[in-house]
Amino acid sequence: MSGVGDAPGDGEVVLRAEGVGMRFGGFAALSGVDLTVRAGERLGLIGPNGSGKSTFTNCLAGVYPGHEGAFAFRGERLGKLSPHERARRGLARTFQLPRPFRGLTVIENIRVPLAYAGRHEATETRAMACLEGVDLAGKAHRLPRELTQVELRRLELARATALDPVLLIADEAMAGLSHAEVDQILALLFRLNEAGTTIIMIEHVMRAVTEFSQRLAVLVAGRKVADGAPREVLAMPAVEEAYLGR
Amino acid sequence: MSGATLPAAAPLAAPRRMGHGAFWLASALAALALVAALRALGSEYAYFAATFVLQYVVLATAWNILGGYAGYVNFGAAAFFAAGAYTTVAVGKAFGLPLLPCIAAAALVGGALGLGTGVLTLRLRGAYFAIATLCLSVVLQTLVVNWDFVGGSRGAYVVRPREVPWPFDSYGGFLCAVMVGLAAGAVAIARTVEKSRLGLGLAALRDDEAAAEAAGVPTLRLKLVATTISGAMMAVAGAPLPYLGSYIEPNSAFGLAYGVNAIAMPLIGGTSSWAGPLVGAVLLASLQQAATVTISSAANLLIVGVVLVVFVCAAPHGIVGLFRGQR
């Protein structure tokens with residue numbers, strides 16, 4: 001396994017997390033997490049429920065500005081930047097449960113990031129291109145309530161990709177999906193990665209994580225206990241213990 | 001892995017819509033037609049009734065920019081409305097200015113009040129925000145009651161000018177034409193906001209603020225813009241009030257009817273579109289005016305309550321929602 005906090009390869013460092021921690025009252029949800037992610041990488045971030053994965057995501061996305069430690073995104077300290085300022089810099093995320101704008105049509109959902117991220121003109125053509133990327137162009141003028149669960153997941157991904165992200169955090173994008181639907185989402189994520197987007201996949205579907213990730217980082221009780229090649233990490237006693245118990 | 005994808009269906013066509021310029025022009029033409037029709041009637045009561053209904057069109061449309069588009073329920077509409085009315089009294093008394101400059105001053109005061117309220121309260125959400133706006137009404141009313149320059153608790157008389165601007169034959173007709181213009185302008189502003197980038201951002205934050213932030217929407221800034229526009233327009237709605245009855249006092253200017261109607265009218269008409277508050281205000285205000293002359297003015301709020309309950313149960317997305325598939 002590579003050294004803790006180091007990403008394999010020598011590409012540009014996209015994200016560097018240093019000593020990130022978060023406390024809720026007396027409870028430490030996250031403690032001293034270091035993580036480095038390089039351009040184009042596919043990182044799997046795993047851990048049992050309550051291990052701090054979502055807290056880490058929220059700290060990175062700017063939802064918890066009061067966290068300990070620091071994030072540097074493409075060399076820039078994120079500090080107290082608000083979530084929308086981080087999104088505009090190319091830091092995109094999806095949510096564990098799809099959170100579409102329910103009063104807006106599918107294409108209007110895509111027009112929101114296009115109109116506000118400012119990286120591309122918010123044209124109908126560009127919005128349709130984002131929807132075509134997730135095979136939702138045929139439902140562009142439907143409302144989210146008319147979509148199936150997997151379509152909502154794809155809409156969530158399309159909205160994130162409309163930001164033209166440098167780094168995408170896919171937070172449990174496959175939770176509750178069937179085998180075939182997991183394959184659909186995996187295909188989309190691979191396509192995005194091939195187009196140059198660095199991806200952090202937070203997932204409980206181990207088949208998807210091992211198939212997708214070039215590297216795995218494991219959080220247990222708010223601490224990073226492993227970071228390295230998937231096969232080596234999954235064979236580590238600390239990881240086995242976290243998932244299966246002693 | 002498998003490269004599973006779904007076959008892409010043919011995209012549905014987007015509905016065509018009128019451009020901003022065309023809508024403003026249509027609003028202006030509708031306003032001219034309405035003024036001409038009222039002039040043809042030539043009745044002072046028609047002028048009064050139309051002014052009464054149209055002030056609610058402005059108030060409800062203004063409320064809806066924050067309450068409907070952004071989903072932030074403002075219980076302090078009466079405070080903004082009264083701020084506009086008392087700006088007319090104060091500016092008219094201090095500088096001797098006629099109605100139109102007073103309306104402009106009311107817009108500035110209402111906008112500043114809206115911005116200030118937004119800065120202080122927009123980190124609150126849901127019921128907490130609603131309660132904070134309710135407090136604003138109480139605070140402002142207390143200030144006005146203790147401000148002798150505008151009459152304090154005794155109220156103030158506002159005498160209509162003797163000279164009637166050309167081409168009107170009475171001041172009531174002029175006042176009505178001004179209100180028609182304000183209503184047309186308010187509806188056009190609301191529609192412009194709704195169909196613009198700002199409206200898209202407000203709709204996103206109304207549905208899910210965290211998701212909107214994650215999509216790059218500066219939610220706090222947009223809410224401040226919405227409170228400022230909404231506040232300015234609500235104050236504009238109240239600015240002609242002193243000339244309508246020639247007398248104003250705090251209990252009526254800050255009356256419960258304004259606060260309740262400002263919320264009920266968009267809810268009954270539909271909050272997601274500019275047409276909702278327009279339809280709701282025309283329907284409810286006309287009903288109240290009819291009740292005032294046939295039954296009693298005391299029945300007004302009872303009518304609002306009954307109609308609101310019926311619509312919340314039968315048409316939760318309002319009248320416009322019934323025709324739009326409950327969007």
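Residues numbered from 1 in each chain as written. Chains lettered and ligands numbered in written order. Predicted model: local features only at pLDDT ≥ 70, side-chain atom pairs only at ≥ 80, totals over all residues. Heavy atoms only, no water.

## Quick word on the overall build of chain B
1) Next: Helix and strand counts for chain B come out as 15 helices and 2 strands.
2) Next: Its C-alpha atoms give chain B a radius of gyration of 21 Å, near enough to 20 Å, the size a compact globule of 327 residues would have.
3) Next: When the backbone C-alpha atoms are referred to their principal axes, chain B occupies close to 85 × 45 × 35 Å.
4) Next: Counting over 327 residues, chain B shows a buried share of 53%.
5) Next: Contacts spanning at least 24 positions in sequence make up 78% of the contacts within chain B whose residues lie at least 6 apart.
6) Next: Carbon and sulfur atoms provide 70% of the accessible area of chain B, an area that totals close to 14300 Å².
7) Next: Taking the average location of the 17 positive side-chain charges in chain B and that of its 10 negative ones, the two points are 7 Å from each other. (Helix = DSSP H or I, 4+ residues; strand = E, 2+ residues; numbered from the N terminus. Rg over C-alpha atoms; globule rule 2.2 N^0.38 Å. Buried < 20%, exposed > 50% of the residue type's maximum accessible area, 1.4 Å probe, protein only. Contact = heavy atoms within 4.5 Å. Areas by Shrake-Rupley, 256 points an atom, 1.4 Å probe, with all protein chains shown as cover. Lys, Arg positive; Asp, Glu negative; His and termini not counted. Charge placed at Lys NZ, Arg CZ, Asp CG, Glu CD.)

## A few points about the packing of aromatic side chains
How two aromatic rings sit relative to each other is set out by the distance from centre to centre and by the angle between their planes.
1) Next: In the structure shown here, the tally under the stated rule is 13 aromatic pairs over all chains.
2) Next: Centroid distance Y171(B) to Y243(B): 5.7 Å. Interplanar angle 40°. Geometry classified as tilted. Separated by 72 residues along the polypeptide, Y171(B) in helix α6 (residues 171-195) and Y243(B) in helix α10 (residues 241-245) bring together distant segments of the chain.
3) Next: When its relative accessible area of 7% is taken as the criterion, Y243(B) is described as buried.
4) Next: The structure contains a cluster of three or more aromatic residues connected by ring pairs, namely F52(B), Y56(B), F81(B) and Y258(B).
5) Next: For R197(B), the ring lying beneath its charged end belongs to Y116(A), and the centroid distance is 4.2 Å. (Phe/Tyr/Trp six-rings, centres within 6.5 Å; stacked < 30°, edge-to-face > 60°. Lys NZ or Arg CZ within 6 Å of the ring centre and 35° of its normal.)

## Looking at the sheet that holds strand β4 (residues 68-73) of chain A
Residues and elements named next belong to chain A.
1) Next: Spatially, the 4 strands line up as an open sheet ordered β2-β1-β4-β5, and their pairing is antiparallel. This sheet does not close on itself; its edge strands, each paired only once, are β2 (27-38) and β5 (76-77).
2) Next: Against the sheet, helix α1 (residues 53-61) engages β1 (13-24), β2 and β4, with an angle of about 115° to β1. (Pairing = 2+ DSSP bridges. Axes fitted to C-alpha atoms, helices over the stretch in contact; angles between N-to-C directions.)

## With respect to the environment of L108(B)
Residues and elements named next belong to chain B.
1) Next: Relative to the elements of secondary structure, L108 occurs in helix α4 (residues 99-121).
2) Next: Relative accessible area serves as the criterion here: at 66%, L108 is assigned to the exposed category.
3) Next: Expressed as a C-alpha distance, the spacing of L108 and G201, which sit 93 residues apart in the sequence, is 24 Å.

## Overview of the pairing of strand β9 (residues 215-220) of chain A
Residues and elements named next belong to chain A.
1) Next: Across the 6 residues of β9, 5 count as buried, placing the element largely inside the fold.
2) Next: Where strand β3 (residues 42-46) and β9 come together, 4 bridges link them in parallel fashion. Of the residues in β9, the one forming a bridge with L43 is R215.
3) Next: Direction of pairing for β9 relative to strand β10 (residues 223-228): antiparallel, over a ladder of 5 bridges. Counterpart to L219 in the pairing with β10 is K224.
4) Next: In this antiparallel pair of consecutive strands, β9 and β10, the connection spans 2 residues, and A221 shows a positive phi of 50°.

## What to know about the side chain of D208(B)
1) Next: In this fold, D208(B) is placed in the loop between α7 (197-207) and α8 (209-214).
2) Next: You can call D208(B) buried: its relative accessible area is 11%.
3) Next: The residues contacting D208(B), other than those within four sequence positions of it, are R99(A) and F101(A).

## Some remarks on the packing of helix α12 (residues 256-269) of chain B against helix α13 (residues 275-294) of chain B
Axis angle and axis distance: for two packed helices, these are the angle between their axes and the distance between the axes, and together they describe the pair.
Residues and elements named next belong to chain B.
1) Next: Following both chains from N to C, one finds α12 and α13 inclined at 120°, their axes separated by 7 Å at the closest point. In terms of their interaxial angle, α12 and α13 are classed as oblique. Classified by chirality, the crossing of α13 by α12 is right-handed. Facing α12, whose interface residues are N261, A264, M265, P266, I268 and G269, α13 presents G276, P277, G280, A281, L283, L284, A285 and Q288.
2) Next: Here the residues of the contact of α12 with α13 sort into 9 nonpolar, 5 polar and no charged. (Parallel < 35°, antiparallel > 145°, perpendicular 65-115°, else oblique. Left-handed = near helix turned anticlockwise from the far one by under 90°. Nonpolar A, V, L, I, M, F, W, Y, C, P; charged D, E, K, R; others polar.)

## A short note on the UniProt feature "transmembrane region" (unreviewed entry) in chain B
Residue and element names in this part refer to chain B.
1) Next: Those residues carrying the UniProt feature "transmembrane region" (unreviewed entry) are residues 21-41, 73-92, 98-120, 127-150, 170-190, 224-243, 263-287 and 299-323 in this numbering.
2) Next: Across residues 73-92, helical content stands at 80% and strand content at 0%; the span's end C-alpha atoms are separated by 32 Å.
3) Next: Secondary structure over residues 170-190 splits into 95% helix and 0% strand, and the C-alpha atoms at its two ends are 30 Å apart. (UniProt positions renumbered as here; feature names shortened; annotations may be inferred.)

## A short note on the sheet that holds strand β7 (residues 167-171) of chain A
Residues and elements named next belong to chain A.
1) Next: Taken in spatial order, the 6 strands of this open sheet run β6-β7-β8-β3-β9-β10, and their pairing is mixed. Strands with a single pairing partner mark the edges of an open sheet, and in this sheet they are β6 (91-93) and β10. Geometrically, the sheet is characterised by an average inter-axis angle of 20° between neighbouring strands, direction not taken into account.
2) Next: Strand contacts of α1: β3, β6, β7, β8 (198-202) and β9, with the helix running at about 145° to β7, the strand carrying the most contacts.
3) Next: Helix-sheet contacts for helix α6 (residues 179-194) involve β3, β7 and β8, and the interaxial angle to β8 is about 150°.

## A look at α7(B)
1) Next: Across the 11 residues of α7(B), 8 count as buried, placing the element largely inside the fold.
2) Next: Turning to α7(B), its buried residues number three or more, namely L198(B), G199(B), L200(B), G201(B), L202(B), A203(B), A204(B) and L205(B).
3) Next: Elements that come into contact with the buried residues of α7(B) comprise α3 (106-117) of chain A together with α2 (44-67), α6, α8 and α9 (219-238) of chain B.
4) Next: If you check the start of α7(B), you find a side-chain oxygen 3.2 Å away from the backbone N of L198(B), and it comes from S196(B). (Polar contact = N/O pair within 3.5 Å; in protein donor to acceptor, adjacent residues only side chain to side chain.)

## Describing the pattern of salt bridges
Residue and element names in this part refer to chain A.
1) Next: Counted under the stated rule, the structure contains 14 salt bridges over all chains.
2) Next: The salt bridge partner of R207 is D183, with a shortest N-O separation of 3.1 Å. Taken as a pair, R207 in helix α7 (residues 206-212) and D183 in helix α6 lie far apart in primary sequence, 24 residues in all.
3) Next: A residue is classified by how much of its surface remains accessible, and R207, at 28% relative accessible area, is partly exposed.
4) Next: Linked by salt bridges that have partners in common, E41, R215, K224 and D227 make up one network. (Salt bridge = Lys/Arg side-chain N within 4 Å of Asp/Glu carboxyl O.)

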